[in-house]
Amino acid sequence: MADTPPRRPGPHEAHDTDLIVIGGGPAGCAAVRMAAGVGMRSVLIEPDALCRNLYRIPALNNVLGGHTSGPALADAITAEVRGTELCRPLLGRRVVELRGHDDHIAVTLDTGTRLTAPYTVVATGVGPLQPDAVPWITAPDGLTLPPLPQADPDHAEGRTLLVLGGDRPIGTFLRAHPATATRLLVAYPEADTYKTEEIRDDPRVTLLPVEHLTLYASEGGRVTADVRNRGGGQRTVTADVAHVSIGSAPTAPAGDLVRDADGYCPPGGQHPRIIVAGDLRSGRFQRIMTAMGSGSEAALRAYYAARGLSVGADPGALPTAPSGVRGVPAPGPCPRCAPAHAPAP
């Protein structure tokens, strides 16, 4: 999709850009590409590399475009973003505060720089949960374990890996390395039972349904854990190394984002100029395809809202103008009444 030439800002406009996108994963990158396609300038803020988490996914089987590995898809997305003239990437910068105002949003970076725009798309995604975040694990204070997708298959060869949690990246790891002779001891709570269905027939996997697990750091780098199963039985397991596959936690910037009880930021109820996209929306939509779709849609919502056009009344819909009450969308015209000549995405 070719970029539409940007409109010329009027003399009253003093913002740094048309759209600030926070987060450089699939959702954020899709947002800046869609924004460019309709002539919007954007600033993309990412504290790490673009699509950093995609580079840690060894195998893909559920995305369009023929990409079969995370790095291949990440390379393609990164190349498109870097070739987008209307997008200014700010890599290595973190948003420490996001504020919504009546006629603009403002973000403050870790450098102290303040940027403003009429709208923002927040697509900061999620990060891996650690043992201290769940009640069924007792672990040494401050212990941080690497997620399973970061395990080096060569280093895992011939070794036993203790995996805490039964989240879906286990299946991805096994499919990506079918010839790796490793043993996975997968300790998981009852809530993760349905997630283990795809791995239970792999001969490299030993499933350990647990009620509670106490993890110890042993000398020489090995790990030991006392496991109490759901029937009250006890056993001790030892492994060469431990990884987490517990799940993810939202990583949203401080400020005016509205969070639910789990820390996610549902699109409905946000400040009228703050649009949430990607994995940050909910734990139920953490897929690459849904992230890219929501990022694209978020940019279009900003585009139409800036022109006084309603896009419907779904939970992520933006009002045509701020209502003056944070989190309460103002009414807009019927979408069927939108001008027929509005640019198509």
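Now for a look at the structure at hand. (Residues numbered from 1 in each chain as written. Predicted model: local features only at pLDDT ≥ 70, side-chain atom pairs only at ≥ 80, totals over all residues. Heavy atoms only, no water.)

### A short note on the overall build of the protein chain
The helix and strand inventory of the protein chain stands at five helices and 18 strands. Within the protein chain, buried positions represent 48% of all 345 residues. Carbon and sulfur atoms provide 52% of the accessible area of the protein chain, an area that totals close to 16,300 Å². (Helix = DSSP H or I, 4+ residues; strand = E, 2+ residues; numbered from the N terminus. Buried < 20%, exposed > 50% of the residue type's maximum accessible area, 1.4 Å probe, protein only. Areas by Shrake-Rupley, 256 points an atom, 1.4 Å probe, with all protein chains shown as cover.)

### Notes on the nonpolar core
Nonpolar side chains in soluble globular proteins generally cluster together in the buried interior. Formed by 36 residues in total, the largest nonpolar core has its most connected members in Leu19, Val81 and Val121. At the level of elements, β1 (19-22), α1 (26-37), α2 (70-82), β7 (119-122) and α5 (288-306) are the ones that each hand at least two residues to this core. The element contributing the most residues to this core is α5, with nine residues. If you look at the next biggest cluster of nonpolar residues, it comprises 21 residues, including Val134, Leu208, Leu215 and Val237. (Core = buried A, V, L, I, M, F, W, Y, C linked by side-chain atoms within 4.5 Å.)

### So, unusual backbone geometry
Phi at Cys51 is positive, roughly 55 degrees, even though this residue is not glycine. Within the secondary structure, Cys51 is located in the loop between β2 (42-46) and α2.

### What about the layout of surface pockets?
The computed volume of the second largest pocket comes to approximately 300 Å³. Around the second largest pocket, the lining is made up of 15 residues, and of these Cys29, Ala30, Arg33, Glu80 and Met292 lie nearest the centre. Secondary structure elements with two or more residues in the lining of the second largest pocket: α1, α2 and α5. A breakdown of the residues in the lining of the second largest pocket according to their chemical character gives ten nonpolar, three polar and two charged. (1 Å grid on protein atoms, 1.4 Å probe; cavity = no way out; pocket = protein on both sides within 12 Å on 5 of 7 lines; lining within 4 Å. Points joined across faces, edges and corners; volume = space filled by probe spheres on them. Nonpolar A, V, L, I, M, F, W, Y, C, P; charged D, E, K, R; others polar.)

### Focus: the packing of aromatic side chains
Counted under the stated rule, the structure contains one aromatic pair. One Lys or Arg, Arg273, reaches over the ring of Tyr119 and ends 4.8 Å from the middle of that ring. Positioned above the aromatic ring of Phe285, the side-chain terminus of Arg281 is 5.1 Å from the ring centre. (Phe/Tyr/Trp six-rings, centres within 6.5 Å; stacked < 30°, edge-to-face > 60°. Lys NZ or Arg CZ within 6 Å of the ring centre and 35° of its normal.)

### Details of the sheet that holds strand β9 (residues 137-138)
As summarised here, the arrangement of the four strands in space is β9-β13-β14-β15, forming an open sheet in which the pairing is mixed. Both outer strands of the open sheet, β9 and β15 (234-239), are each paired with one neighbouring strand and no more. (Pairing = 2+ DSSP bridges.)

### Some thoughts on the environment of Val134
Of note, Val134 is situated in the loop between β8 (126-128) and β9. Remark: the alpha-carbon pair of Val134 and Gly247, spanning 113 residues in sequence, is separated by 9.9 Å.

### Here we look at helix α4 (residues 169-176)
What α4 keeps buried is the set Ile170, Gly171, Thr172, Phe173 and Leu174. Where α4 is buried, its residues touch β10 (160-164), β11 (183-188) and β12 (205-209). (Contact = heavy atoms within 4.5 Å.)

### A closer look at the side chain of His212
By the element assignment, His212 lies in strand β13 (residues 212-217). A polar contact of 3.3 Å, which involves the side chain of His212, links it to the backbone oxygen of Trp136. A polar atom in the side chain of His212 sits 2.8 Å from the side chain of Thr138. Other than its neighbours up to four places away in sequence, His212 contacts Pro135, Trp136, Ile137, Thr138, Asp226, Val227 and Arg228. (Polar contact = N/O pair within 3.5 Å; in protein donor to acceptor, adjacent residues only side chain to side chain.)

### Describing the environment of Ala305
In this structure, Ala305 sits in helix α5. Judged by its relative accessible area of 4%, Ala305 is buried. Through-space distance from the C-alpha of Ala305 to that of Tyr119 is 9.1 Å; in sequence the pair is 186 residues apart.

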